[in-house]
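# Reading the structure
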Amino acid sequence: CGGSNPKALTDEGSSALGSGQYEVAAKKFEDALAALGSDSSSPDWLRAKIGLCQGRARTDGAKAKDEFLELAKAHPDRVTDKHFSLMGRELDEARHPADAIAVLTAGMTAHPTSAELQGLRTALGKKAEQSGDWETLESLKGLGYVGGKYLNGTQLKGQCTMRHE
């Protein structure tokens, strides 16, 4: 229905994302980008690029991560901490924790004081703790995650972990 109308194609891609049709969504966003050509100043262009990465997060996490990080590097003035958080969450929900952490790391480098990204770091850490994913916890420790009931891969049993300075 959208033909070559970029806004309509982007809207259709967003609807497909919302209904879990990730491959359909990616195709709609690709079509929107093709219709927009090189007009990266269009709000629909950024929306389609982010949407394409979201759709790909479910089908090819590494490609989604790489394309998102390329987008962020090429357009640091337009890719916000909220975009980094969105992609990190999408990749995590799609069971690509290493890719989610790569996006989080780049996001925290670009936006070090972002409460949005600090929230993502905490959410990823709690999820890793619950699943016993020590590799993810080690990666998050490098981003300042100190954890809850786990420390250095060891479950703490009622021990006090507060530091007094």
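Let me sum up the structure you'll find in this document. (Residues numbered from 1 in each chain as written. Predicted model: local features only at pLDDT ≥ 70, side-chain atom pairs only at ≥ 80, totals over all residues. Heavy atoms only, no water.)

### Thoughts on the environment of Asp11
- With respect to the helices, strands and loops of the structure, Asp11 is situated in helix α1 (residues 6-18).
- For Asp11 and Ala32, which are 21 residues apart along the polypeptide, the C-alpha to C-alpha distance reads 9.5 Å. (Helix = DSSP H or I, 4+ residues; strand = E, 2+ residues; numbered from the N terminus.)

### A short note on the nonpolar core
- Ranked by internal contacts, the top residues of the largest apolar core, which has 37 residues, are Phe68, Met87 and Leu104.
- Those elements that provide at least two residues to this core are α1, α2 (22-36), α3 (43-59), α4 (61-74), α5 (81-93), α6 (97-110), α7 (115-131) and α8 (134-141).
- The element contributing the most residues to this core is α3, with seven residues.
- Once residues within four sequence positions are removed from consideration, Phe68 is found in contact with Ile50, Cys53, Val79, His83, Phe84, Met87 and Val103. (Core = buried A, V, L, I, M, F, W, Y, C linked by side-chain atoms within 4.5 Å. Buried < 20%, exposed > 50% of the residue type's maximum accessible area, 1.4 Å probe, protein only. Contact = heavy atoms within 4.5 Å.)

### Thoughts on unusual backbone geometry
- Within the chain, Arg95 stands out as a residue other than glycine whose phi angle is a positive 65°.
- Along the chain, Arg95 turns up in the loop between α5 and α6.

### Describing the packing of α5 against α6
- The interhelical angle for the contact between α5 and α6, taken along N-to-C directions, is 170°, at an axis separation of 7 Å. One element, α5, and the other, α6, form an angle in the roughly antiparallel class. Crossing geometry of α5 relative to α6 is assigned as left-handed. Across the interface between the two elements, Phe84, Met87, Gly88, Leu91 and Asp92 from α5 touch Pro97, Asp99, Ala100, Val103, Ala106, Gly107 and Ala110 from α6. (Axes fitted to C-alpha atoms, helices over the stretch in contact; angles between N-to-C directions. Parallel < 35°, antiparallel > 145°, perpendicular 65-115°, else oblique. Left-handed = near helix turned anticlockwise from the far one by under 90°.)

### A short note on the side chain of His83
- Position of His83 among the secondary structure elements: in helix α5.
- Under the relative-accessibility criterion, His83 is labelled buried at 18%.
- Apart from the residues lying within four places of it in its own chain, the contact partners of His83 are Leu46, Ile50, Phe68 and Arg78.

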